[in-house]
Amino acid sequence: QGYYTRGGGIGESGDFVTSPEISQIFGELIGIWCISEWIATGKPKAFQLVELGPGRGTLTEDILRVFNQLASLLSKCDVSIHLVEVSPKLSEIQALMLTGGKVQSNPEDKSAYMKVVSKTGVPIFWYRDIQDVPPGYSFYLAHEFFDALPIHKFQRTEKGWREVLVDIDPEVPDQLRFVLSPSSTPATENFIQPEETRDHVEVCPDAGVIIQRLACRIEKDGGAALVADYGHDGTKTDTFRGFRNHKLHDVLRAPGTADLTADVDFSYLRKMTQGRTVTLGPIKQREFLKNMGIDLRLQVLLQNSDDTAIREQLLHSYDMLMNPKKMGDCFNFFALLPHHRLAHPDKKQKPESKSTLPPVAGFGELLLK
Ligand code: SAH
């Protein structure tokens, strides 16, 4: 009965629209980000691109186009795609998008529940859990993934922290309501940080577990994770909301028919890496995309098209992604990288000698925390 299990309403005709669906440039720049990190780490012989919650598959599709354009650069590199998706409906849509229609699933493979080859000849595997993805040097992408995971909500009261729970309204038939737990709960005991100063807090332990796994994998096998989502750095309180037909929707009404979402707490994600990796950001989407060269790419696409409708569409979608009042300010980019990727100049070297490691694309001046 779940919202995503039944297909999820991504796209203009659905409940919400996401950046990869708005403009091809978005996925292209993320493809370039991966290649840039691959080059910066000495072009390892193989890499896996792992996407968590790929939706309709558009981001991976745009990235694969970039990899194909750069085929000569990647010719000696063994590239594979690994998609972590729980929705049977969406995984079908992803397979259709990425193969152009020729799907043959692979039930013999025990870890992956589906396997296909992309239009450009790259193998693609599907899993339900990040733990099933084979180990190895990987780029992990999570675009509008963490906001979709379930949260716990807590309220500070005179008697201490209480959990916000969902109850059946005794007065109105078929109606749900929020209530406060009469006493503390296992979640209030475990998920509230002792130094918490807010009165209302949302915690997503599932996100914490997944970030921990990503951090362990990156520490061990190298690579990077790029998380893009709307969110805050441990400052916001009540952000849980629903979307249906692109409009706000009461989260307790008609469960399973609306997109439920809560802002991602990047400070919590940072904490959950437990120092296993370096974290960069969060930085605003418009800054990340600008640093990645969105203006140049837009100019090239505009120059390549005489069609007024296409040119207008390109400008409109650029505005959606970059305008601070649209998606430019509220979406953030956050990255995990192995410590050695940003190692400071060797202490034995003279202080004036600079590190030879290239900067991490997109993050401009390093926002090291
Ligand atoms: N990244 C896409 C889709 C975002 S919607 C985009 O930006 O367009 C969230 C995605 O996460 C959907 O594909 C949904 O099916 C998937 N998802 C939700 N919960 C999940 C979970 N626990 N494990 C894996 N995938 C999940």
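Each chain carries its own residue numbering, running from 1 in the written order of its sequence. Reporting of local features is limited, given that this is a predicted model, to residues whose pLDDT is at least 70; pairs of side-chain atoms are given and counted only at 80 or more, and all residues count toward the totals for whole chains, interfaces and linings. Calculated side-chain values reflect all of the structure's heavy atoms, with hydrogen atoms and water omitted.

The protein chain goes by Protein arginine methyltransferase NDUFAF7 in an unreviewed UniProt entry, where it is assigned to Chloroceryle aenea. UniProt positions are given in the numbering used here, feature names are shortened, and annotations may be inferred rather than shown by experiment. According to its UniProt record, the protein chain has this under Subcellular location (unreviewed entry): "Mitochondrion". According to the UniProt record, the Sequence similarities (unreviewed entry) comment for the protein chain is "Belongs to the NDUFAF7 family."

Visitor: If you had to explain the pattern of salt bridges to someone new, which residues and values would you point to?
Guide: Side chains that differ in charge, positive against negative, can pair when their charged atoms come close. Definition used for salt bridges: Asp or Glu carboxyl oxygen within 4 Å of a side-chain nitrogen of Lys or Arg. Under the definition given, this model contains 20 salt bridges. Close ionic contact of Glu 21 with Arg 56 constitutes a salt bridge, the shortest N to O distance being 3.5 Å. Of this pair, Glu 21 sits in helix α1 (residues 19-22) while Arg 56 sits in the loop between β1 (46-52) and α3 (58-69), placing them 35 residues apart in sequence. When the shortest N-O distance is used, the salt bridge between Arg 198 and Asp 265 registers 3.7 Å. Taken together, the residues Arg 198 in the loop between α6 (186-191) and β9 (200-203) and Asp 265 in strand β14 (residues 264-265) connect sequence positions 67 residues apart. For the residue pair Arg 198 and Asp 265, the accessibility class agrees, reading buried in each case. In the salt-bridge network here, residues are joined through shared partners; they are Glu 28, Asp 62, Arg 65 and Arg 297. Strands are runs of DSSP state E lasting at least two residues, helices are runs of H or I lasting at least four, and both sets are numbered from the N terminus onward. Residue exposure (1.4 Å probe, protein chains only): buried if accessible area is under 20% of the type maximum, exposed if over 50%, otherwise partly exposed.

Visitor: Which residues make up the domain arrangement of the protein chain, and what values do they have?
Guide: Where each domain starts and ends follows an automatic or database-derived domain assignment. Split by domain assignment, the protein chain resolves into domain 1 (3-150 + 205-342) and domain 2 (152-203). Computed over C-alpha atoms, the centres of domain 1 and domain 2 are 31 Å apart. Opposite the 17 residues of domain 1 that make contact, domain 2 presents 13 residues. Regarding the contact of domain 1 and domain 2, the summed buried area is about 1,200 Å², with carbon and sulfur atoms giving 59% of it. Once two parts are brought into contact, the accessible area they lose, counted with a 1.4 Å probe and summed over both, makes up the buried area. Contact with domain 2 buries surface across domain 1, with Pro 205, Thr 237 and Leu 252 losing the most and accounting together for 45% of the total. Here domain 1 and domain 2 share 3 salt bridges between them. Within 3.5 Å is the distance limit for a polar contact, defined as a pair of N or O atoms, with the added protein rule that one can donate a hydrogen and the other accept it, and that residues adjacent in sequence qualify only through two side-chain atoms. Applying the counting rule to domain 1 against domain 2 returns 6 residue pairs in polar contact (both at pLDDT 80 or more). Of the residues belonging to the side of domain 1 that touches domain 2, the class tally is 8 nonpolar, 5 polar and 4 charged. Only heavy atoms enter the contact rule, under which two residues are in contact if any of them lie within 4.5 Å. Just so you know the grouping, Ala, Val, Leu, Ile, Met, Phe, Trp, Tyr, Cys and Pro go in nonpolar, Asp, Glu, Lys and Arg go in charged, and all remaining residues, Gly too, go in polar.

Visitor: Can you lay out the layout of surface pockets for me, pointing to particular residues and giving the numbers?
Guide: Lining residues are those with an atom within 4 Å of a point, where the points come from a 1 Å grid over the protein atoms alone and group into cavities, where a 1.4 Å probe fits but cannot get out, or pockets, open sets with protein on both sides within 12 Å along at least five of seven lines. Grid points are joined across faces, edges and corners, and a volume is the space filled by probe spheres set on the points. There is about 310 Å³ of room inside the second largest pocket. Together, 24 residues line the second largest pocket, and Arg 198, Glu 202, Asp 265, Ser 267 and Tyr 268 are the ones closest to its centre. Mapped onto the lining of the second largest pocket, the elements with two or more residues apiece are β9, β14 and α8 (266-272). Here the lining of the second largest pocket is composed, by residue class, of 12 nonpolar, 4 polar and 8 charged. Two domains each donate at least three residues to the lining of the second largest pocket, and these are domain 1 (3-150 + 205-342) and domain 2 (152-203).

Visitor: Which residues make up the site of the ligand, and what are the values?
Guide: Proximity is defined per residue: any heavy atom of the residue falling within 4 Å of a molecule or strand makes that residue near it. Residues in contact with the ligand amount to 17 residues; listed here are only the nearest, Thr 18, Gly 53, Gly 55, Glu 85 and His 143. Thr 18 places a side-chain nitrogen or oxygen 2.6 Å from an oxygen atom of the ligand. Within the side chain of Glu 85, one N or O atom sits 2.6 Å away from an oxygen atom of the ligand. Each accessible area is a Shrake-Rupley estimate made with a 1.4 Å probe; only the visible protein chains count as cover when residues are assessed. Protein chains bury 90% of the 580 Å² of accessible surface belonging to the ligand in isolation. Along the lines of polarity and charge, the residues of the shell around the ligand split into 9 nonpolar, 5 polar and 3 charged.

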